[in-house]
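# Close look at the chain arrangement
Letter by letter, the chains look like this.
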Amino acid sequence: MEMTTEKTKFMIETTDVDLFYGTKQALKKVSLSIKENQVTALIGPSGCGKSTFLRTLNRMNDLIPNVKTTGNIKISNEEINQAKVDLVGLRKRVGMVFQQPNPFPFSIYDNVAYGPRMHGVTNRKELDAIVERSLRQAALWDEVSDRLDKPATGMSGGQQQRLCIARVLAVKPEVILMDEPTSALDPISTAKVEDLILELKKELYDRYRDTQHATSI
Ligand SMILES: Nc1ncnc2c1ncn2[C@@H]1O[C@H](COP(=O)(O)OP(=O)(O)OP(=O)(O)O)[C@@H](O)[C@H]1O
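Once a new chain begins, its residue numbering starts again from 1 and follows that chain's sequence as written. For a predicted model such as this one, the threshold for reporting local features is a pLDDT of at least 70, and the threshold for listing and counting side-chain atom pairs is 80 or more; totals across whole chains, interfaces and linings nevertheless cover every residue. Excluding hydrogens and water, the side-chain values take into account all heavy atoms of the structure.

Axis definition: a line fit to C-alpha positions, over the contact stretch in the case of helices; interaxial angles, taken between N-to-C directions, run 0 to 180 degrees. Under the DSSP-based scheme used, a helix requires at least four consecutive residues in state H or I and a strand at least two consecutive residues in state E, with every element numbered from the N terminus. Direction vectors running N to C along helix α3 (residues 108-118) and helix α4 (residues 124-137) enclose 110°, while the axes themselves pass 9 Å from each other. In this view, α3 runs roughly perpendicular relative to α4, as classed from their interaxial angle. As for the relative orientation of α3 and α4, their crossing is right-handed in sense. Facing α3, whose interface residues are Ile-108, Tyr-109, Val-112, Ala-113, Pro-116 and Arg-117, α4 presents Arg-124, Leu-127, Asp-128, Ile-130, Val-131, Ser-134 and Leu-135. Throughout, the ten residues Ala, Val, Leu, Ile, Met, Phe, Trp, Tyr, Cys and Pro are labelled nonpolar, Asp, Glu, Lys and Arg are labelled charged, and all others, Gly among them, are labelled polar. Considering only residue class, the contact of α3 with α4 consists of nine nonpolar, one polar and three charged. Working definition: roughly parallel below 35 degrees, roughly antiparallel above 145 degrees, roughly perpendicular at 65 to 115 degrees, and oblique for all remaining angles. Definitions for this section: a left-handed crossing has its near helix turned counterclockwise from the far helix by less than a right angle. A right-handed crossing has that turn clockwise. Here, two residues are considered to be in contact whenever any of their heavy atoms come within 4.5 Å of each other.

Laid out in structure tokens, this is it:
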């Protein structure tokens, strides 16, 4: 069932986005509008620029030397492709999950609490609640609630990827970018992550509906 708000708006709008790695052009005039409250997949041949495009949406390409991006990129109607944008704040709003699960070498709890702590949450009860909510949303709570203090690196690959999703959810992003999040996983873990993506669409839509604060994946 397609879910729409009464007034559906675009969460992401790009206009004429060009991107160069040095002299090599990887994106040419990409103009795209993506609605809120939905899961949108980008499909294309290897090397066509899918990952590059995703990274323009939270300015991750800025971390790569000699990258030049031009054009307009709006998230929730706010232009993000300009110097004055607060990149920490942007990456809180636009979270990212990568192909390889990349948990920090900390405990399961500290992985999820990392983002909220970075954004100023210090109260233990509040952090406990965020960690539980995020792990439940990532369909991981039942598997790890009795070993939150254990290293995240001891989890299976599929669990690690769901932990990375929980880590993103902990800071309540508006958009979650996932770059082939199941390609390194076995078929059972892949099915769990795919189910989770559809569950999240429904749950986050319900959660944010009242505040008109939506999440796109
Ligand atoms: N850091 C980089 N420096 C130089 N060129 C790069 C860099 N990253 C990607 N490219 C080039 O940009 C183009 C787009 O790459 P990108 O990884 O975005 O494609 P993709 O569609 O995600 O591919 P795949 O499906 O294989 O992951 C490719 O030609 C690639 O070689």
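Now that the structure has been shown, the text picks up again.
Looking now at the site of the ligand. Near the ligand there are 14 residues, and of these Ser-46, Gly-47, Lys-50, Ser-51 and Thr-52 occur at the shortest range. Polar contact is the term for a pair of N or O atoms within 3.5 Å; when the atoms are in protein, one must be able to donate a hydrogen and the other to accept it, and sequence-neighboring residues count only if both atoms are side-chain atoms. Between Tyr-21 and the ligand, the recorded distance is 3.4 Å, taken from a side-chain N or O atom to a nitrogen atom. A distance of 3.2 Å separates an oxygen atom of the ligand from a polar atom in the backbone of Cys-48. For the ligand, whose free accessible area comes to 640 Å², the fraction covered by protein is 63%. Near residues are defined by distance, with any heavy atom within 4 Å of the molecule or strand qualifying the residue. The method behind every accessible area is Shrake-Rupley, applied with a 1.4 Å probe, and residues are considered shielded solely by the protein chains displayed.

Residues of α3 that are buried: Ile-108, Tyr-109, Asn-111, Val-112, Ala-113, Gly-115 and Pro-116. Packing partners of the buried residues in α3 comprise α4, α5 (141-144) and α6 (157-169). A positive backbone phi angle near 100° is found at Gly-120, which sits one or two residues after α3. The buried label applies to any residue whose accessible area, calculated with a 1.4 Å probe on protein chains only, is under 20% of its type's maximum; exposed applies above 50%, and partly exposed to all values in between.

On the surface, a nonpolar cluster with roughly 360 Å² of combined accessible area is contributed by Val-88, Phe-106, Tyr-114 and Met-118. Structurally, the position occupied by Val-88 is in helix α2 (residues 87-93). Grouping into patches uses exposed residues only, defined as over 30% relative accessible area, and leaves out salt-bridged ones; the cut-off is 9 Å for like charges and 5 Å for nonpolar side chains (Val, Leu, Ile, Met, Phe, Trp, Tyr). We count a salt bridge whenever a side-chain nitrogen from Lys or Arg sits within 4 Å of a carboxyl oxygen from Asp or Glu.

Burial along strand β6 (residues 175-178) is two-sided: Val-175 and Leu-177 facing one way and Ile-176 and Met-178 facing the other are all buried. Two strands form a pair only when DSSP identifies at least two bridges running between them. Pairing geometry for strand β5 (residues 94-97) and β6, over four bridges, is parallel. Its bridge partner lying in β6, Val-97 is registered against Met-178.

Before going further, it helps to spend a moment on the packing of aromatic side chains. The rule is short: rings of Phe, Tyr and Trp, with Trp giving its six-membered ring, pair when the centres are within 6.5 Å, and they are stacked under 30 degrees, edge-to-face over 60, tilted in between. Per the counting criterion, the structure on display carries three aromatic pairs. Taken together through their ring pairs, the aromatic side chains of Phe-104, Phe-106 and Tyr-114 make up a single cluster. A positively charged side chain is recorded as over a ring if its NZ (Lys) or CZ (Arg) lies within 6 Å of the ring centre. The angle to the ring normal must also be within 35 degrees. A cation sits over an aromatic face here: Arg-124 above Tyr-109, 4.3 Å from the ring centre. Residue placement shows Arg-167 over the ring face of Phe-104; its charged tip is 4.2 Å from the ring centre.

In this description, a nonpolar core means a group of buried Ala, Val, Leu, Ile, Met, Phe, Trp, Tyr and Cys residues linked to one another through side-chain atoms lying within 4.5 Å. Within the largest apolar cluster, 30 residues are counted, with the highest numbers of intra-cluster contacts made by Ile-108, Leu-135, Leu-163 and Ile-165. Elements that contribute at least two residues to this core include exactly α3, α4, α5, α6, β6 and α7 (187-209). Residue contacts for Ile-108: discarding those within four places in its chain leaves Leu-135, Val-144, Arg-147, Leu-148, Lys-150, Pro-151, Ala-152, Met-155 and Leu-163. Judged by nonpolar contacts, the second largest core, of 19 residues, contains Ile-12, Leu-19, Ile-73 and Val-94.

A few words on empty space enclosed by the protein. The way it works is a 1 Å grid over only the protein atoms, where trapped points that fit a 1.4 Å probe form a cavity and open points with protein on both sides within 12 Å along at least five of seven lines form a pocket, and then any residue with an atom within 4 Å of a point lines it. Grid points are joined across faces, edges and corners, and a volume is the space filled by probe spheres set on the points. Scanning all chains against the criterion turns up two cavities of 30 Å³ or more. Roughly 30 Å³ of volume is contained in the second largest cavity. Surrounding the second largest cavity, Arg-55, Thr-56, Arg-59, Asn-61, Asp-62, Thr-69 and Asn-81 form its lining. By residue class, the composition of the lining of the second largest cavity is no nonpolar, four polar and three charged.

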